[in-house]
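For reference, the chains in residue letters:
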Amino acid sequence: VFPTLADFASLEVPNFTDGRSLREIMNGKGKGRPAIGYRNDMATIRNDRFRMILHPDHVELYDHKSEALETKNVASENPDVVSALTEALEQRRTK
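These lines cover the structure that appears in this document, whether it is placed above or below. This structure is a prediction, so every number in the text was calculated from the model and none was measured. (Residues numbered from 1 in each chain as written. Predicted model: local features only at pLDDT ≥ 70, side-chain atom pairs only at ≥ 80, totals over all residues. Heavy atoms only, no water.)

With that out of the way, let us pick up the sheet that holds strand S1 (residues 35-39). Pairing is antiparallel across the open sheet formed by four strands, whose spatial order is S1-S2-S3-S4. Strands with a single pairing partner mark the edges of an open sheet, and in this sheet they are S1 and strand S4 (59-63). Taken over all neighbouring pairs, the strand axes of this sheet differ in orientation by 10 degrees on average, direction set aside. Relative to strand S2 (residues 42-46), S1 runs antiparallel, the two sharing five bridges. Bridge pairing in S2 places Gly37 opposite Thr44. Along the sheet face, helix H3 (residues 79-93) touches S1, S2, strand S3 (50-54) and S4 and points at about 65 degrees away from the line of S3. (Pairing = 2+ DSSP bridges. Helix = DSSP H or I, 4+ residues; strand = E, 2+ residues; numbered from the N terminus. Axes fitted to C-alpha atoms, helices over the stretch in contact; angles between N-to-C directions. Contact = heavy atoms within 4.5 Å.)

Next comes the structure, spelled out in structure tokens:
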């Protein structure tokens, strides 16, 4: 929240803060990034179409543009999506 408030107030954001300003997104000009969450040994990532849950021993992928929503795991049918979302998770973990 702080980077967004600082941006609207035309203030410089200190180096010790986390996050980035959401001003462009709030003004309808920017594009958001995937939502990511972690719990125990699992991770989840959600973009505008898919939600992937990465377990230690398997992957779940759900297509929110389909009628099935989160009732049909489509990971085996979309290996490229699983790969791209897994890479996005790894990039966020290393930052």
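Let us look at the pattern of salt bridges. In the structure shown here, the tally under the stated rule is three salt bridges. In this structure, the salt-bridge partner of Arg49 is Asp63, at a minimum N-O distance of 2.8 Å. One end of the pair, Arg49, is in the loop between S2 and S3; the other, Asp63, is in strand S4, and 14 residues separate them in sequence. Measuring nitrogen to oxygen at the nearest pair gives 3.3 Å for the salt bridge that ties Glu77 to Lys72. (Salt bridge = Lys/Arg side-chain N within 4 Å of Asp/Glu carboxyl O.)

Below, the discussion takes up a nonpolar patch on the surface. Side chains of Phe8, Leu22, Ile25 and Met26 sit close together on the surface and give an oily, nonpolar patch of about 360 Å² of accessible area. Position of Ile25 relative to the elements: it lies in helix H2 (residues 23-26). (Patch = residues over 30% accessible without salt bridge, like charges linked within 9 Å, V, L, I, M, F, W, Y side chains within 5 Å. Areas by Shrake-Rupley, 256 points an atom, 1.4 Å probe, with all protein chains shown as cover.)

Before going further, it helps to spend a moment on the pairing of S4. For S4, the tally of buried residues reaches four of five residues, placing the bulk of the element in the interior. Here S3 folds back onto S4, and the loop between the two strands holds four residues. (Buried < 20%, exposed > 50% of the residue type's maximum accessible area, 1.4 Å probe, protein only.)

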